[in-house]
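The chain contents come next:
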Amino acid sequence: LIAALQRKFKDITKADLVELVENDSKGRFSFLNNQKRIRANYGHSIQGVSPDYEAVKPPEYLYHGTTPEVKNKILASGIKPMSRNYVHLSVGVKEAKKVARRRTNQPVIFKIEALRAFREGQNFYKTAEDIYLTDQISADYLSLLNNK
């Protein structure tokens, strides 16, 4: 990897990769084999990339930030991965708003009854400190937060 990166970024070193892994607030990367290999911790938006996630028990509630344009569709049919491999869920409202603000200045936040969904057979995968993935979320587990 370092050799490939050095073709474009001449001065990059292993220390730079270590710094990236250790300081990435979203926990996107980790090392394997005593820092001989690096991996993406989640690839839920890359077609054909399906990391081996282990199902975990989620917290009671998770959150999903989106745009006003899809609010009614989600209320009717739930949250689907669309062009991604998984639905992206946040541990807190603040992170969900941050995710939604990538696409809108008027974030819509859904509260998900994650623990109830899990108890009823839904799998959840923790990929970083405050990020969970799942295949989809039925509208039965959703409520709309008042975003005021």
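Here is what the cut-offs are and how they apply
- Residues numbered from 1 in each chain as written.
- Predicted model: local features only at pLDDT ≥ 70, side-chain atom pairs only at ≥ 80, totals over all residues.
- Heavy atoms only, no water.
- Patch = residues over 30% accessible without salt bridge, like charges linked within 9 Å, V, L, I, M, F, W, Y side chains within 5 Å.
- Areas by Shrake-Rupley, 256 points an atom, 1.4 Å probe, with all protein chains shown as cover.
- Salt bridge = Lys/Arg side-chain N within 4 Å of Asp/Glu carboxyl O.
- Lys, Arg positive; Asp, Glu negative; His and termini not counted.
- Charge placed at Lys NZ, Arg CZ, Asp CG, Glu CD.
- Helix = DSSP H or I, 4+ residues; strand = E, 2+ residues; numbered from the N terminus.
- Buried < 20%, exposed > 50% of the residue type's maximum accessible area, 1.4 Å probe, protein only.
- Polar contact = N/O pair within 3.5 Å; in protein donor to acceptor, adjacent residues only side chain to side chain.
- Phe/Tyr/Trp six-rings, centres within 6.5 Å; stacked < 30°, edge-to-face > 60°.
- Lys NZ or Arg CZ within 6 Å of the ring centre and 35° of its normal.

Q: For this particular structure, what's the right way to read a negative patch on the surface?
A: Taken together, the side chains of Asp-11, Asp-16, Glu-19 and Glu-22 present a region of like negative charge at the surface. Within the element layout of this structure, Glu-19 appears in helix H2 (residues 14-23). You can call Glu-19 partly exposed: its relative accessible area is 48%.

Q: Any chance you could explain the environment of Tyr-61 here in plain terms?
A: Within the fold, Tyr-61 resides in the loop between strand S2 (37-40) and strand S3 (62-66). Along the primary structure Tyr-61 and Arg-116 are separated by 55 residues, whereas in three dimensions their C-alpha atoms are 8.8 Å apart. Within the local environment of Tyr-61, its side chain forms a polar contact with the side chain of Glu-60, the two groups lying 3.3 Å apart.

Q: Would you take a moment to explain the packing of aromatic side chains for this structure?
A: Two aromatic rings are characterised by how far apart their centres lie and by the angle between their planes. Enumeration over the complete set of coordinates arrives at one aromatic pair. Between Tyr-86 and Tyr-125 the ring centres are 5.8 Å apart and the planes differ by 65°, which places this aromatic pair in the edge-to-face class. Remark: Tyr-125 occurs in strand S6 (residues 125-128) and Tyr-86 occurs in the loop between helix H3 (71-77) and strand S4 (87-90); sequence separation between them is 39 residues. Residue class for Tyr-125 comes out buried when judged on its relative accessible area of 11%. Sitting over the ring of Tyr-61, Lys-111 keeps its end group 4.0 Å from the ring centre.

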